[in-house]
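What follows is each chain in one-letter form.
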Amino acid sequence: MMDLSFLPIAHVAAQTTPDPCLYGNYQNLTDVHRSVSYVTTYPEPPLCDIDLVAGWYRFVVDAESKMPETCVDTLKCGTTVPIWMNGTHPSVSDGILTRRACANLQTGGTSSVPCCGQAINIGVKNCNGFYVYYLHPTPACPMSYCAGKDAPCPAGKWSPTGFPPGCRDAYPQLTDPPRLRGPVIERNTFYFTCDLTFSGNDTDQAFEFVWLFNGLEDPKVLPENVSYPLQAARLDGAKLAGLLNKNHSVWQEERNKEKDNHRENKREVNLRKRDNEREKERDSR
């Protein structure tokens, strides 16, 4: 069984100062995939709160943005082992209360609580419009806290809010591989272009073009960012000073290797042909 022995909060209900509801006394957790409506699918990496620092947190996920009070199935909340809160949320007048956070390990439950393979103490406070929680890091992965109930955009899609409507491709879908064109010669200079072909007219789309020389970047040729409606980047010949000869020498070296291989193959063919002729002479005798 996975050990989920978090350090308990000592007298968390008595902690009133500093007020965790005040801005700056809590941190935001904003990943919309913590929603109970989100199902983790391969190859998406599951969420894990093992690096969470113990302290006060506010979930900023959807309009509700609070931990679920009932069991959550495995593979929900963007993780494999979801953690839910066993108990109701407090009123404003209740102040800070201690609740049990349960991890669904599919082991039957602890203390006669179904869907609670392991349990820990957390703190929770009603801040009159939102809730804050005193959370601990998880002892293992993949395991994380659940919050929110709305279904976010599917994996690979996005929207300004992270939720429907308006979910669209996170990245433009290229219909063909990038195409290098050039050199294009104009008067006393030349240039290359890299052209893209993709579907859709997303005004938020942008591309970063990185030029490689023998498979490596050159610090003198910086990447170029291109935004809609542009679909191409341009590399001026003036930026290639010191690179053309370098590329040519490597290209020439590869050409020499090809010629050597060709000569060696031709030699092997001639040797085999000679050996075959000698065998035929011996057989005729």
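See above for the structure.
Bear in mind that the values here come from a model prediction, so they are computed numbers and not experimental data.

Enquirer: Just checking my understanding: could you explain the overall build of the protein chain for this structure?
Expert: A count of helices and strands for the protein chain gives one helix and 16 strands. For the protein chain, the residues scored as buried account for 35% of the 285 residues in total. Restricting to contacts in the protein chain with at least 6 residues of sequence separation, those with at least 24 account for 60%. With the model as given, the accessible surface of the protein chain reaches about 17,800 Å², and the carbon-plus-sulfur share is 51%.

Enquirer: So what exactly am I meant to see when it comes to the packing of aromatic side chains here?
Expert: Aromatic ring pairs: the centre-centre distance and the angle between the two ring planes describe each pair. On inspection of all chains with the given rule, the structure shows five aromatic pairs. On the basis of an interplanar angle of 50° and a centroid distance of 6.5 Å, the ring pair of Phe 207 and Phe 209 is categorised as tilted. One exposure class covers both Phe 207 and Phe 209, and it is buried. Here the guanidinium or amino end of Arg 58 rests over the ring plane of Phe 130, the centre of that ring lying 3.9 Å away. Stacked on the ring of Tyr 191, the Lys or Arg Arg 234 has its end atom at 3.7 Å from the ring centre.

Enquirer: Just to check I follow, could you spell out the sheet that holds strand E11 (residues 189-195) for this structure?
Expert: Backbone hydrogen bonds hold the strands of a sheet together, and the pairing may be parallel or antiparallel. Judged by pairing direction, the sheet is antiparallel, and its three strands sit side by side in the order E10-E11-E16 without closing on themselves. Only two strands of the sheet have a single neighbouring strand rather than two, namely strand E10 (179-186) and strand E16 (232-236). Neighbour-to-neighbour, the strand axes of this sheet turn through a mean angle of 25°, independent of strand direction. Sheet topology note: the E10/E11 ladder contains six bridges and is antiparallel. Counterpart to Ile 185 in the pairing with E11 is Phe 190.

Enquirer: Sorry if this is basic, but what is going on with the sheet that holds strand E3 (residues 81-86) here?
Expert: Read across the sheet, seven strands follow the order E1-E2-E6-E5-E4-E3-E7 without closing on themselves; strand pairing throughout is mixed. This sheet does not close on itself; its edge strands, each paired only once, are strand E1 (27-29) and strand E7 (143-145). Averaged over all adjacent pairs, the angle separating strand axes in this sheet is 40°, with direction ignored. In this sheet, strand E5 (residues 118-126) lies alongside strand E4 (residues 96-103) in antiparallel orientation, the contact comprising eight bridges. Each residue of the ladder has a partner; that of Arg 99, found in E5, is Ile 122.

Enquirer: It is not clear to me how the pattern of salt bridges should be interpreted in this structure. Could you clarify?
Expert: A side chain of one charge can pair with a side chain of the opposite charge if their charged atoms are brought near each other. With the rule as written, the count across this model stands at seven salt bridges. Among the salt bridges present, the one from Asp 236 reaches Arg 234, with a minimum N-O distance of 2.7 Å. What makes Asp 236 partly exposed here is its relative accessible area of 29%. For Arg 234, a relative accessible area of 38% translates into the label partly exposed.

Enquirer: How should I be thinking about unusual backbone geometry in this particular structure?
Expert: A negative phi angle is the norm for most residues apart from glycine, just as the trans form is the norm for most peptide bonds. Each neighbour pair has its own omega, and for Cys 141 with Pro 142 the value is -5°, a cis peptide bond. Looking at the secondary structure, you find Pro 142 in the loop between strand E6 (131-135) and E7. Between Gly 182 and Pro 183 the backbone carries a cis peptide bond, its omega angle lying at 5°. Following the sequence through the fold, Pro 183 ends up in strand E10. Phi at Ser 65 is positive, roughly 50°, even though this residue is not glycine. Structurally, Ser 65 is set in the loop between strand E2 (55-59) and E3. Backbone geometry at Cys 77 places phi at a positive 65°, although glycine is not the residue there. Taking relative accessible area as the criterion, Cys 77 reaches 0% and is therefore assigned buried.

Enquirer: What's the story with the nonpolar core in this structure? I'm lost.
Expert: The nonpolar side chains of soluble globular proteins are, as a tendency, buried together. Counting residues in hydrophobic clusters, the biggest one holds 23 residues, and the most contacted among them are Phe 59, Met 67, Ile 122, Tyr 133, Leu 135 and Tyr 145. Counting residues per element, the ones that place at least two in this core are E2, E3, E4, E5, E6 and E7.

Enquirer: I keep staring at the side chain of Arg 34 and nothing clicks. Help me out?
Expert: With respect to the helices and strands, the residue Arg 34 is situated in the loop between E1 and E2. Given a relative accessible area of 6%, Arg 34 falls into the buried group. Side-chain polar atoms of Arg 34 contact the side chain of Asp 49, separated by 2.8 Å. Apart from the residues lying within four places of it in its own chain, the contact partners of Arg 34 are Leu 29, Leu 47, Asp 49, Phe 59, Cys 77, Ser 144, Tyr 145, Cys 146 and Ala 147.

What counts, and at which threshold
Residues numbered from 1 in each chain as written. Predicted model: local features only at pLDDT ≥ 70, side-chain atom pairs only at ≥ 80, totals over all residues. Heavy atoms only, no water. Helix = DSSP H or I, 4+ residues; strand = E, 2+ residues; numbered from the N terminus. Buried < 20%, exposed > 50% of the residue type's maximum accessible area, 1.4 Å probe, protein only. Contact = heavy atoms within 4.5 Å. Areas by Shrake-Rupley, 256 points an atom, 1.4 Å probe, with all protein chains shown as cover. Phe/Tyr/Trp six-rings, centres within 6.5 Å; stacked < 30°, edge-to-face > 60°. Lys NZ or Arg CZ within 6 Å of the ring centre and 35° of its normal. Pairing = 2+ DSSP bridges. Axes fitted to C-alpha atoms, helices over the stretch in contact; angles between N-to-C directions. Salt bridge = Lys/Arg side-chain N within 4 Å of Asp/Glu carboxyl O. Core = buried A, V, L, I, M, F, W, Y, C linked by side-chain atoms within 4.5 Å. Polar contact = N/O pair within 3.5 Å; in protein donor to acceptor, adjacent residues only side chain to side chain.

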